[in-house]
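Coordinate analysis (summary)
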Amino acid sequence: MKYYLVVGEASGDLHAAHLMRELKNVDPKADFRFFGGDNMSEVGGTLVRHYRDTAYMGFFTVVTHLPSILRNMALCKEDIRQWRPDAVVLVDYPGFNLDIAKYVHANKLAKVFYYISPKIWAWKEHRIKNIKRDVDELFSILPFEVDFFERKHHYPIHYVGNPTADEVGDFKGKYDETFLQFCQRNHLPEKPIVALLAGSRKTEIKDNLPKMMRVMDYFPECQFVLAGAPSIDDDFYTQFISGTSLSMVHNDTFALLANATAALVTSGTATLETALFNVPQVVCYATPVPHFWGFLKRHLLKVKYISLVNLIADKEVVPELVADSFTHQRLVEELGNIMPGKPGREAMLEGYGRMREAIGKLGAPSNAARLMVSMLSQ
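Some points on helix α7 (residues 145-152)
Listing the buried residues of α7 in full gives Glu 145, Phe 148 and Phe 149. Burial along α7 is one-sided: seen end-on, the buried residues are contained in an arc of 80°. Residues of α7 that are buried sit in contact with α6 (128-134) and β6 (137-140). Just downstream of α7 lies His 154, where phi reads positive at about 55°.

Written out as structure tokens, the structure is:
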């Protein structure tokens, strides 16, 4: 069967690639065409547009790139219409993908599967109307979404487990490098590592990385190492790290986390990855006009937390410094509280255990692939 996949960022590319491999296991004749990235290309199929040419985040960035976004939408719709897949598989990226779902459904071009649902439980809950109308089957990777979609909105979904748990588990099962070997391979001194995960988009990195770096002088016993995002060229980071003691490893985040003592992490999938590696963390998310965004968070967001760790555990396991609460003093205090021997460290590691219990089932891409092929075969 023919599968057309649409993703909009690095984590979506990784999750979609694992799903594609499992689809090939269940459906040996699977043919893929996609808006995606390098991981998906390695699996096989036709790359129509790379996500680095479509990933825009934030109101002002979206507005300034609106003509490009609209051109990409038009290209995607026409490409689907001409290729006529059996299923269109949408991965997160709701601003783009819900528009694609509407077009595909209205024109009866294919089954619409949504893998990794839009986070409408946090904001834009009104989008449930579009999902009910345009999405044939939704495959959730967050356990609390079952209650939100099925009980609150009477829309049945499939909780398949969390692919990040699978990906981290697979990596840890194969990774056998020692701390010394990791340091030697990356030309690092043998000092405890604080990992900086500053986001996967240029706007996130620009807003978060300089504020993260300001704490480096307060922890001279540690080295700070930046995880370079796969979609960002090393040259972009130079403006921030040139002339500083900050080191960087590129496209090697899992190995960095496997060897880290603590981490500063921009909210997103990276917070979950860090927790699954059992690395204590402080979640940091800077925004333009922080006091305004702090007000919006307190009064408009539908959820108590922004990090996946806290959302899944349904309690504050990791501190969240967001908008106006992301201050230099708070960051120094929170990082100090999770260093070895400090009181916050063990409490956070216990909270990680509760989070893993809540995730439950493993094998998310395999579970989703079997369901998709079964539905298409009926």
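Still more to cover.
A closer look at the environment of Trp 121
Its location among the elements puts Trp 121 in the loop between β5 (111-115) and α6. Residues Trp 121 and Phe 149, 28 residues apart in the sequence, show an inter-C-alpha distance of 8.7 Å. A distance of 2.8 Å separates the side chain of Trp 121 from the side chain of Glu 145, its partner in a polar contact.

Overview of the nonpolar core
If you look at the biggest cluster of nonpolar residues, it comprises 132 residues, and the most contacted ones within it are Leu 5, Tyr 115, Leu 196, Leu 209, Phe 224, Leu 264 and Leu 335. With 7 residues, helix α18 (residues 364-377) is the single largest residue contributor to this core. Setting aside its immediate chain neighbours within four residues, Leu 264 contacts Val 194, Ala 195, Leu 196, Leu 197, Met 212, Val 215, Val 282, Cys 284, Leu 331 and Leu 335.

Focus on the packing of aromatic side chains
Under the definition given, this model contains 14 aromatic pairs. Look at Phe 35 and Phe 96: their rings are 6.1 Å apart centre to centre, the planes differ by 40°, and that puts the pair in the tilted class. Of this pair, Phe 35 sits in strand β2 (residues 31-36) while Phe 96 sits in helix α5 (residues 94-106), and the two are 61 residues apart along the sequence. In this pair, the class of Phe 35 matches that of Phe 96, namely buried. Judged by centre distance (5.2 Å) and plane angle (15°), the rings of Tyr 93 and Phe 96 are stacked. One exposure class covers both Tyr 93 and Phe 96, and it is buried. Here the aromatic residues Phe 171, Tyr 175, Phe 254 and Phe 277 are joined through ring pairs into a cluster of three or more. Sitting above the plane of the Trp 83 ring, Lys 2 keeps its charged end 4.7 Å from the centroid. It is Lys 211 that lies over the ring of Phe 326; its NZ or CZ is 4.4 Å from the centre.

Quick notes on the pattern of salt bridges
Taken as a whole and assessed by the stated rule, the structure comprises 14 salt bridges. Here Asp 92 ties to Lys 119 by a salt bridge, and the two come within 3.3 Å at their closest N and O atoms. Taken together, the residues span a long stretch of sequence, with Asp 92 in the loop between β4 (87-91) and α5 and Lys 119 in the loop between β5 and α6 at a distance of 27 residues. Judged by relative accessible area, Asp 92 falls into the buried class, the value being 13%. Residue Asp 252 pairs with Arg 185 through a salt bridge whose shortest N-O separation is 2.9 Å. Of this pair, Asp 252 sits in the loop between β10 (247-250) and α12 (253-258) while Arg 185 is found in helix α9 (residues 179-185), placing the two residues 67 residues apart along the sequence. Exposure remark for Asp 252: the relative accessible area of 17% places this residue in the buried category. One salt-bridge network, held together by shared partners, links Glu 9, Arg 201 and Glu 204.

Rules used in this analysis
All residue numbers refer to positions counted from 1 along the written sequence of the respective chain. Two thresholds apply to this predicted model, a pLDDT of at least 70 for residue-level local features and 80 or more for giving and counting side-chain atom pairs, whereas whole-chain, interface and lining totals are computed over all residues. Hydrogens and water are ignored here; the side-chain numbers use all heavy atoms of the structure. Categorising residues by exposure relies on relative accessible area from a 1.4 Å probe, with only protein chains included: less than 20% of the type maximum marks a residue as buried, more than 50% marks it as exposed, and the intermediate range marks it as partly exposed. Helix and strand definitions follow DSSP, with helices as H or I runs of at least four residues and strands as E runs of at least two, each counted in order from the N terminus. The directions from the helix axis to the C-beta atoms are what the arc is built from. The contact criterion used throughout is that any non-hydrogen atoms of two residues lie within 4.5 Å. As used in this structure description, the phrase polar contact means that two N or O atoms lie within 3.5 Å; if the pair is within protein, one of them must be able to donate a hydrogen and the other to accept it, and residues adjacent in sequence are counted only when both atoms belong to side chains. In this description, a nonpolar core means a group of buried Ala, Val, Leu, Ile, Met, Phe, Trp, Tyr and Cys residues linked to one another through side-chain atoms lying within 4.5 Å. Two aromatic rings, drawn from Phe, Tyr or Trp (for Trp, its six-membered ring), form a pair once their centres lie within 6.5 Å of each other, and the interplanar angle then sorts them: stacked below 30 degrees, edge-to-face above 60, tilted otherwise. Two limits define a charge over a ring: the Lys NZ or Arg CZ must be within 6 Å of the ring centre, and within 35 degrees of the ring normal. Throughout this description, the term salt bridge denotes a Lys or Arg side-chain nitrogen within 4 Å of a carboxyl oxygen of Asp or Glu.

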